Structures are given as structure tokens and as C-alpha cells.
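Analysis of the macromolecular model
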Amino acid sequence: MPPKADIRNEVRRLRFEHGQMTQQQLAERIGCTRQTVIMLEQGRYVPSLALALRIAHAFGTTVEAVFTLEAD
Amino acid sequence: MPPGEELPATHLQRYAGWTLLEIGFLTALAAAIIVFFGPEAWWSQDGVRITVTLILLVALASYLVFYMAIRKLRDHDDALVDERDLVILNRSGVGVGGAMMVVMAVWMIALVEAYNDTGMVPSYYLYLVFWSLVMTNVIASLAGILMAYRRA
């Protein structure tokens, strides 16, 4: 069994790079609550593949550019 | 999130909190009536039995309305209930079994201690045990939602 992986994300940085997008704006764009965006940014929630794809799509990038394994 | 700002509550969190308050109040009211009139009033006084049953049915109806509201919010286009809320909702039942076991143990110890001499437990206690387990299930699952948000 592979070791438990921590997943780091660049959501906060990407949000600021995309016109200082607010957490609420991002939440509305990707179809989740603002609390989920906050938890994502704090690394306290790992999204489903579908939500990860929607986040990447909202920033016009790939999932790998947004999410990386802590070990990488 | 700016420093000092509190984590915004989700719709599920708010609804669960209000429903828990409402059902907690109704359950406490029903319990207070039974304690005031005595458990034997369940059989001997129709008014007490009907009043308590109605209060508990209203509480169960509130629980049903809560689930229907969450279902409706989940299907809403604006993602008022999202995937994380659903994960939390699924986790909320973890403590229900334990809470029911505790209530059963309390009933068992209390009834054995009270009726050990005669060996005969009045049958109205069966109804009270049933209702207490139903309400424990409801309250524990709502409290479980709020606790799951704290842990998540």
C-alpha cells in the first residue's frame, strides 16, 4: 500500500494571480461553498477529482499545476 | 480568509444547528412533561400521552423537513450544499450507535435498580424506551453533523 500522501495546492496563489478573485467568486465558479474553498486553501480538505478538475478549469490550467503531492 | 474573520457557516451547518435546537427543545419539553406527571401517566392519562406523542411527532416532522430541505439545496444550481457537505453528512452517523447504546445502558441500569425486587417492569416503559431511542438517534445524527464540521 502506498504511503499516505499530503496534497499541497496552489489555489490561493492562483486566485490572486487571476485578478484577486475572492473566495466567494471562486466558490461560485466551481460550484462549492466558500467554506470549502477556505478549507482547500488551508490544506484541510482534499477535493474529489471532479472538483479538482473544475478548479483547474477555472484557472485555465491543469490539475497538476494546482495540486501536487507533498513528497514531489 | 482575513485574520479575525470567523469561518462562514454552510447552509447544512446552519440548518442542522437550528433543527437541533428545535428538536432538542421539543424533546426536553416532552421529557419534562413525563417527569412532571410521572411515567405511569403515559397509561393513566390520555391527555399526557397524546400531548407527548404529538410533541415528539412534531420533532420528527422537523427532522424530515430538514432532510428534505438539504436534498432540495443539494439539487440547487448554486451548490448551496457541496461535495464536502455531503462527506460530512455521511460521517455524521458515526456516533449515533454509541449514543443509543449509552441510552439503552442507562435505561437498563435504571429499570433493573428500580424493579429488581418485583422483577416486573411496567409495560409503559417500553414506549418510553422506544421514544428515547428514536429521539437519541435524531439528536445524535444532527449533533454529529455539527461535530463533523469541527473535526473536518
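Residue indices follow the written sequence of each chain, beginning from 1 at its first position. By the order in which they are written, chains take letters starting at A while ligands take numbers starting at 1. It should be noted that, the model being predicted, local features are given only for residues of pLDDT at least 70 and side-chain atom pairs only at 80 or more, the latter also being counted only at that level, while totals for whole chains, interfaces and linings use all residues. Excluded from the side-chain calculation are hydrogens and water; included are all heavy atoms of the structure.

All names here are of chain B. Close contact between helix 1 (residues 11–37) and helix 6 (residues 124–151) brings their axes to 9 Å; oriented N to C, the two are set at 155 degrees. It follows from the interaxial angle that helix 1 and helix 6 lie roughly antiparallel. Of the two possible hands of crossing, helix 1 and helix 6 adopt the one that is left-handed. On helix 6, the residues that touch Leu12, Gln13, Ala16, Gly17, Thr19, Leu20, Ile23, Gly24, Thr27 and Ile34 of helix 1 are Leu128, Met135, Val138, Ile139, Leu142, Ala143, Ile145, Leu146 and Tyr149. Side-chain classes follow a simple rule in which Ala, Val, Leu, Ile, Met, Phe, Trp, Tyr, Cys and Pro form the nonpolar group, Asp, Glu, Lys and Arg form the charged group, and the remainder, Gly included, forms the polar group. Along the lines of polarity and charge, the residues of the contact of helix 1 with helix 6 split into 14 nonpolar, five polar and no charged. In this analysis an axis means a line fitted to C-alpha atoms, helices contributing only their contacting stretch, and an angle means the value between N-to-C directions, from 0 to 180 degrees. To qualify as a helix, a DSSP run of H or I must reach at least 4 residues; to qualify as a strand, a run of E must reach at least 2; elements of each kind are numbered from the N terminus. An angle below 35 degrees is read as roughly parallel, one above 145 as roughly antiparallel, one from 65 to 115 as roughly perpendicular, and any other as oblique. Here a crossing is taken to be left-handed if its near helix is turned anticlockwise relative to the far helix by less than a right angle, and right-handed if that turn runs clockwise. Whether two residues are in contact is decided by their heavy atoms: any pair within 4.5 Å suffices.

Time to look at the packing of aromatic side chains. All names here are of chain B. Stacked, edge-to-face and tilted labels apply to pairs of Phe, Tyr and Trp rings (six-membered ring for Trp) whose centres lie within 6.5 Å, assigned for plane angles under 30 degrees, over 60, and everything in between, in that order. A full pass over the atoms with the stated rule returns 10 aromatic pairs over all chains. When the centroid spacing of 6.5 Å and the interplanar angle of 20 degrees are considered together, the rings of Tyr63 and Phe66 count as stacked. Of this pair, Tyr63 and Phe66 are both found in helix 3 (residues 46–74), three residues apart, which corresponds to roughly one turn of the helix. Take Tyr63 and Phe66: they sit in the same class, and that class is buried. Aromatic side chains Phe66 and Tyr67 sit 5.2 Å apart centroid to centroid with 85 degrees between the ring planes, which places their arrangement in the edge-to-face category. One aromatic cluster is present, built from ring pairs that chain together Trp107, Tyr115, Tyr124 and Tyr125. A simple rule labels every residue: compare its accessible area, found with a 1.4 Å probe on the protein chains alone, to the largest value its type can have, and call it buried under 20%, exposed over 50%, or partly exposed in between.

For salt bridges, the criterion is a side-chain nitrogen of Lys or Arg within 4 Å of an Asp or Glu carboxyl oxygen. A complete count under the given rule lists six salt bridges over all chains for this structure. Between Glu41 of chain A and Arg15 of chain A there is a salt bridge whose closest N-O contact spans 2.5 Å. Separated by 26 residues along the polypeptide, Glu41 of chain A in helix 3 (residues 34–41) and Arg15 of chain A in helix 1 (residues 11–17) bring together distant segments of the chain. Side by side, Glu41 of chain A and Arg15 of chain A carry an identical accessibility label, which is buried. We note a salt bridge from Asp46 of chain B to Arg49 of chain B, for which the minimum N-O separation is 2.9 Å. Here Arg49 of chain B and Asp46 of chain B lie together in helix 3, a separation of three residues that amounts to about one turn. Sharing partners across several salt bridges, the network here consists of Glu10, Arg13 and Glu17 of chain A.

This paragraph deals with the interface of chain B and chain A. Contacts between the two partners involve 17 residues from chain B and, on the opposite side, 16 residues from chain A. Both sides of the chain B and chain A interface together cover about 1,300 Å² of buried area, and 48% of this is carbon and sulfur. Counting across the interface, chain B meets chain A through zero salt bridges. Pairing of N or O atoms within 3.5 Å defines a polar contact, subject to two protein rules: one partner must be a possible hydrogen donor and the other a possible acceptor, and residues neighboring in sequence count only if both atoms are side-chain atoms. Between the two partners, chain B and chain A, sit seven residue pairs in polar contact (both at pLDDT 80 or more). With four residues, the single largest contributor to the side of chain B that touches chain A is helix 4 (residues 83–91) of chain B. When its residues are assigned to classes, the side of chain B that touches chain A shows 10 nonpolar, two polar and five charged. Here's the idea: put two parts together, see how much 1.4 Å probe accessible area each one loses, and the total over both is what we call buried area.

This paragraph deals with a nonpolar patch on the surface. Residue and element names in this part refer to chain A. Any residue with relative accessible area above 30% and no salt bridge may belong to a patch, with like charges joined within 9 Å and the nonpolar Val, Leu, Ile, Met, Phe, Trp and Tyr side chains within 5 Å. Where accessible areas are quoted, they stem from the Shrake-Rupley method and a 1.4 Å probe; at the residue level, only the protein chains shown are allowed to cover. The grouping of Ile7, Val46 and Leu69 at the surface amounts to a nonpolar patch, some 220 Å² of accessible area in total. Secondary-structure assignment places Leu69 in strand 2 (residues 67–69). The class of Leu69 is partly exposed, set by a relative accessible area of 36%.

For Thr10 of chain B, the location among the structural elements is in the segment before helix 1. Polar side-chain contacts of Thr10 of chain B include one of 3.1 Å to the backbone nitrogen of Gln13 of chain B. One polar contact links Thr10 of chain B to Tyr149 of chain B, side chain to side chain, over a distance of 2.9 Å. The contact partners of Thr10 of chain B, leaving out residues within four places of it in the chain, are Thr33 and Gln35 of chain A together with Asp85 and Tyr149 of chain B.

Values of pLDDT, the confidence the predictor places in each residue, fall between 0 and 100. For chain B, the mean per-residue pLDDT works out to 91, and 97% of the residues sit at or above 70. For this predicted complex, the interface confidence score (ipTM) comes to 0.81, while the overall pTM stands at 0.84.

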